[in-house]
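A closer look at the structure
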Amino acid sequence: MRVDELPVDERIKRIIRERGIEELYPPQAEALMSGVLEGKNLVLAIPTASGKTLVSEIVMVNKLLREGGKAVYLVPLKALAEEKYREFKEWEVLGLRVAATTGDYDSTDEWLGRYDVIIATAEKFDSLLRHGSNWIEDVKLVVADEVHLIGSYDRGATLEMILSHMLGKAQILALSATVGNAEELAEWLDAALVMSDWRPVQLRKGVFHIGQLFWEDGGIDRYPENWESLAIDAVKKGKQALVFVNTRRSAEKEALSLSSKIARLLTKPETRQLDELVSSIEDNPTTEKLKRALRGGVAFHHAGLSRAERTMIEDAFRSKLIKVIVATPTLAAGVNTPAFRVIIRDTKRYAGFGWTDIPVLEIQQMMGRAGRPKYDKVGEAIIVARTEEPRRLMEKYIHGKPEKLFSMLANEQAFRSQILALVTNFRIGNFRELVSFLERTFYAHQRRDIASLEYKAKNVVYFLIENGFIDMDMNDRFMPLPFGKRSSQLYIDPLTAKKFKDAFPKLENNPNPFGIFQLIASTPDMATLNARRREMEDYLDLAYEMEDKLYTNIPYYEDSRFQGFLGQIKTAKVLLDWINEVPETRIYETYNIDPGDLYRILELADWLMYSLIELYRLFEPEEDVLNYLRDLHLRLRHGVREELLELVKLPNIGRKRARALYNAGFRSQEDIMRAKVRDLLEVEGIGMKVVEGLFRHFGVEMPKGAKKDSKKAEKARKGTLDAFLK
Ligand code: ADP
């Protein structure tokens, strides 16, 4: 179907044609003719990169131009929100306004009311629903990207609840990878279903086994024995490869190994550009390895890297500077990074107690990354058989069907939190109403067994009443209590809130960072680190050393909580180091963690610390304890000792610069306001930009001649040992 023939506003067609798209792909045409343009719900289950986004753009813009209101586009990851934001911005020429929102779960974000297209992570939108933002009423369309994540253990329930809330109130467009039971999903959503295997770039799949590559069509190619030859061969052909492995450490190891071989294939300008890229990366033990790999045109990509580094790698791969990425599977679910050849080195992963097969759905998503539209006629996806029988892999992953999706609503943690929200934020008045809401969920639709759901819900309601989240009056009507309402808005697990509440009396008697951090680490909302076997004794010693600071007893060795507890002690110690200004690099080395891990711990601890304070405020707080907690929160946010709290409030002053200023004698904002520009510039890490920012912040004019001073100071610094070592 030609774009011209689309029954939508001319302006929409013009913008699509300006992108160079004249003809719609067959599944796109089918989707757009399914009734979705007239307001019918749609489940669109087609492979990655076959143009789902364009369909959703057309549906959104068409709807907004015709009917006004708002469209919400749900994504699973922050990085995807940014990617979509950049793409959708293009529609602003039609007078629509686009916004993306991801962090801060305790806000109504009324500012979003001014926007027409709102891109949000599912968790963020769920929190906005709970806060009852005014603009939610105007939402006419919800697009759920990657809706197959309904089957994800820890995130599925959120997406399912959002759709249950919005079903009937807004049009729903659900975008999915190919799954085993798309029909069931479509039935639940009362939606048309468009399903197809059609891809813009043909996909050829095969299994590699000790030098032999068996294609699904029966062809056999021969290569050197090691699977690495597949990646090297792709680069020799002037193409790129994406390798999936199952652990961070193998990603790093394989990237380094490939790098030494691929370096030889690079041109001089490429080597130079890669060197430039390398020099822009911050130093730490993880990036040290990354830099070595990058010099040979290879990168690893995993959750241990910072987001900035991951984005940098994705961009450099898309621009073809990086030839091979060795990634953990998180990349397959992330932003668009297609490659000519996808090599799947591992089809098993370690899950708690042993090795399990990676689901077909996930392997197919990895394979779907093969083939770059516009550059490749065919993409190749190759699974490496290392310990497995090649035929089994072919049957399971290449000829096999992806798994069915199962509702994860009744997962205990998610269910607790969702039921609390229904009572405190969504005005569910009694148990009967609760059950009738639950009947609208995918869980009820799929299991057709409302009795078991009712039973589970009853247990949760008892738990919520027992612990003061909600109450029930004489007529069995639910009464939301402030503690419940606030816990739900803070978007924390009720169990986390309960742990906090139980600890308040002890905390009031003995407020201290280690106790508070261990408490935070003991909640189900925290990404607590694991204590490795050889570390266990050290952390047990530490726990005993700090016993009088803890708000909980040290469990016995036989206790099932013992190992988890040591992980909490380890996590608390990391946070303690952080607020005592231990340099990041030392933290990575001491605890054997990556920058991405530290970042995630800090982000979660920040949110939980905020929640702890907010909940404490509900229980007749003592003013000095409250102030203590607020200071500790700031220390946690900035990673500093108390004496730097005043300085880190200044613009562009983080923990390093604040420490340098303090040590140079600038101990308060007042000291800085009075300082000479020249003296400030003498301080390590303080350049002209920072000084200008400070002056602007204080509302003071820069003294004349300051720029000249700055040159002198920089010159002076050039002769120092520090400058030399840089
Ligand atoms: P998906 O969302 O299914 O993963 P995308 O919507 O990101 O896929 O599409 C992948 C690429 O294909 C994008 O660069 C997009 O511009 C392009 N594309 C989409 N539809 C068409 C089309 N009909 N003709 C040519 N290119 C298209």
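Quantities reported herein were computed from a predicted structural model and do not represent experimental measurements. (Residues numbered from 1 in each chain as written. Predicted model: local features only at pLDDT ≥ 70, side-chain atom pairs only at ≥ 80, totals over all residues. Heavy atoms only, no water.)

1. Here's the deal with helix α24 (residues 584-591)
Since the α-helix turns once every 3.6 residues, residues separated by three or four places project in the same direction. Among all positions of α24, only I587, Y588 and Y591 are buried. End-on view of α24: buried residues confined to an arc of 100 degrees, all on one side of the axis. Taken together, the buried residues of α24 touch α11 (285-295), α22 (536-545), α23 (562-579) and α25 (595-616). Following α24 by one or two positions, N592 has its phi on the positive side, about 55 degrees. (Buried < 20%, exposed > 50% of the residue type's maximum accessible area, 1.4 Å probe, protein only. Helix = DSSP H or I, 4+ residues; strand = E, 2+ residues; numbered from the N terminus. Arc of directions from axis to C-beta. Contact = heavy atoms within 4.5 Å.)

2. Digging into the pairing of strand β9 (residues 212-215)
Residue alternation in β9 divides its side chains into a buried set, L213 and W215, and an unburied set, Q212 and F214. Two elements, strand β8 (residues 202-209) and β9, share four bridges in a ladder whose sense is antiparallel. What sits directly across from F208, in β9, is L213. Hairpin connection between β8 and β9: a loop of two residues separates the two successive antiparallel strands, and I210 in this loop has a positive phi of roughly 35 degrees. As defined by bridge partners, β9 adjoins strand β10 (residues 220-222) across three bridges and the pair is classed as antiparallel. Counterpart to Q212 in the pairing with β10 is R222. Between β9 and β10, which follow one another and run antiparallel, lie four residues, and G218 among them has a positive phi close to 100 degrees. (Pairing = 2+ DSSP bridges.)

3. Regarding the side chain of N512
Relative to the assigned elements, N512 resides in the loop between α20 (494-509) and α21 (513-521). Taking relative accessible area as the criterion, N512 reaches 5% and is therefore assigned buried. Of the polar contacts made by the side chain of N512, one reaches the backbone nitrogen of G515; its length is 2.8 Å. With residues up to four places along the chain from it excluded, the contact list for N512 reads K549, Y551 and Y628. (Polar contact = N/O pair within 3.5 Å; in protein donor to acceptor, adjacent residues only side chain to side chain.)

4. Regarding the layout of surface pockets
Approximately 1400 Å³ is the volume found for the second largest pocket. Taken together, 45 residues line the second largest pocket, and the ones lying closest to its centre are A49, T53, E87, N336 and P373. At seven residues, helix α4 (residues 78-88) tops the list of elements feeding residues into the lining of the second largest pocket. Shared between two domains, the lining of the second largest pocket takes at least three residues from each, and those domains are domain 1 (3-195) and domain 2 (202-398). (1 Å grid on protein atoms, 1.4 Å probe; cavity = no way out; pocket = protein on both sides within 12 Å on 5 of 7 lines; lining within 4 Å. Points joined across faces, edges and corners; volume = space filled by probe spheres on them. Domains from an automatic or database assignment.)

5. Focus: the site of the ligand
Near the ligand you find 13 residues, and of these E23, Q28, A49, K52 and T53 are the closest. Between Y25 and the ligand, the recorded distance is 3.0 Å, taken from a side-chain N or O atom to a nitrogen atom. Between an oxygen atom of the ligand and a main-chain N or O atom of S50, the distance comes to 3.3 Å. Across the complex, the protein chains shield 77% of the 560 Å² of accessible surface that the ligand would expose by itself. Taken atom by atom, the bulk of the ligand overlaps the second largest pocket. With three residues, the top contributor of residues to the shell around the ligand is helix α3 (residues 52-67). Residue classes in the shell around the ligand are distributed as six nonpolar, five polar and two charged. (Near = heavy atom within 4 Å. Areas by Shrake-Rupley, 256 points an atom, 1.4 Å probe, with all protein chains shown as cover. Sits in = over half its atoms within 2 Å of the grid points. Nonpolar A, V, L, I, M, F, W, Y, C, P; charged D, E, K, R; others polar.)

6. Observations concerning the pairing of strand β12 (residues 298-301)
Neither face of β12 is open: one carries V298 and F300, the other A299 and H301, and all of them are buried. Bridge count between β12 and strand β13 (residues 324-327): four bridges; the pairing is parallel. Looking at β13, one finds that A299 is bridged to I325. In the classification by handedness, the crossover that spans β12, the intervening helix α12 (residues 307-318) and the parallel β13 is right-handed. (Right-handed = clockwise from strand over helix to strand, strands pointing away.)

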